[in-house]
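# Inside the fold
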Amino acid sequence: MNAPEDIRCQVCDSHDCPPLIAKDGWQYRRCTGCGLVFLSPMLNADELAALYANPDSGGTRAYFRKETSKLRRARGRVRHLTKAMTGGKNSTNGRLFLDVGCSGGFMTQAAMAAGFTTWGIDPDGDAVAHAEEHYPGATYRVGGLTEFAAEFASQTKDRFDAVYCSEVLEHVADANAFIGAIASVMAEGGVLYLTTPDIGHWRRPKNLPDWDVFTPPHHCLFFSIGNLTRLMARHGLEIQHRQWAFKPGLKVLARKVGQKTGV
Ligand SMILES: [Zn+2]
């Protein structure tokens, strides 16, 4: 028999996380301290790998069909990140850009076009192959972020001035390892643009299973602005701007402030 699971909130460490809701046999808990909603029991590394081993099940082909609009949006977001970078007055020359969850390479293409030295990483090998074929010039890696970050940080003193991470955080099992890995490869003063579903949004369907992004087990973690701010602060990242969103999503710009604020 397995030992009882240690129920603990990843953001505030509270053990007071009663069951909230179940869907298709998957159970979610909600932290009474900070409101984080999380899959419980959480997926382990093998289960996560199996989940993403077959990318077609995740709608990869449909994703590529929206290429034109995705490229347009990517260019806008790169401009947003570039403006937020400190020093150099929007100069991207020699600056390093990392796209975490780069998929087919739309954002890496926009970052390259803006003048960044660009890296992209994604666990989906087919998507990265698409990126390498259609948007060459960036450095692509297939795999997980935490392994990549550990290797990158040990091999070079270079750090990323701008990091983009859209709709990935809700897929990870360990938010601290993930955000910590991002922070570890960011330059002091570097900026991170991150998006994830917003469970605290005024337009989120009241009945959680009616929410289109409430899709167990792919989405393991559901944040709101308060606990996302707190999670980032644990890793020395300060949210400086929250973009207004009509859809129930969080779109934030954070800066690496260097020291962990210990919350
Ligand atoms: Zn909590």
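All of the points below concern the structure found in this document. Please read all numbers here as calculations on a predicted model, not as lab measurements.

Here is what the cut-offs are and how they apply
- Residues numbered from 1 in each chain as written.
- Predicted model: local features only at pLDDT ≥ 70, side-chain atom pairs only at ≥ 80, totals over all residues.
- Buried ≥ 20, exposed ≤ 12 C-beta atoms within 10 Å, placed from the backbone.
- Helix = DSSP H or I, 4+ residues; strand = E, 2+ residues; numbered from the N terminus.
- Arc of directions from axis to C-beta.
- Contact = placed C-beta atoms within 7 Å.
- Pairing = 2+ DSSP bridges.
- Axes fitted to C-alpha atoms, helices over the stretch in contact; angles between N-to-C directions.
- Parallel < 35°, antiparallel > 145°, perpendicular 65-115°, else oblique.
- Left-handed = near helix turned anticlockwise from the far one by under 90°.
- Nonpolar A, V, L, I, M, F, W, Y, C, P; charged D, E, K, R; others polar.

## Describing helix α6 (residues 145–155)
All of the buried residues along α6 are Leu-145, Ala-149 and Phe-152. The arc that holds every buried residue of α6, seen down its axis, measures 70°, which confines them to one face. In α6, the exposed positions angled more than 90 degrees off the buried face are occupied by Glu-147, Ser-154 and Gln-155. Where α6 is buried, its residues meet β4 (96–100), β5 (117–122) and α7 (175–184).

## Quick word on the sheet that holds strand β8 (residues 186–197)
Spatially, β6-β5-β4-β7-β8-β11-β10 is the arrangement adopted by the seven strands of the open sheet, whose pairing is mixed. In this open sheet, the two edge strands, each paired with only one partner strand, are β6 (139–142) and β10 (237–242). Between one strand and the next, the sheet's axes are offset by a mean angle of 20°, whatever the strand orientation. With three bridges connecting them, β4 and strand β7 (residues 160–166) associate as parallel partners. Looking across to β7, one finds that Phe-97 is bridged to Ala-162. Contacts between helix α3 (residues 67–84) and the sheet are confined to β7, β8 and β11 (249–256), with β8 contributing the most and set at about 145° to the helix.

## So, the packing of α6 against α7
The contact between α6 and α7 brings their axes to 9 Å, and the two run at 30°. It follows from the interaxial angle that α6 and α7 lie roughly parallel. Relative to α7, the crossing made by α6 is left-handed. From α6, Leu-145, Thr-146, Ala-149 and Ala-153 reach across to α7, where they touch Ala-177, Phe-178, Ala-181 and Ser-184. Along the lines of polarity and charge, the residues of the contact of α6 with α7 split into six nonpolar, two polar and no charged.

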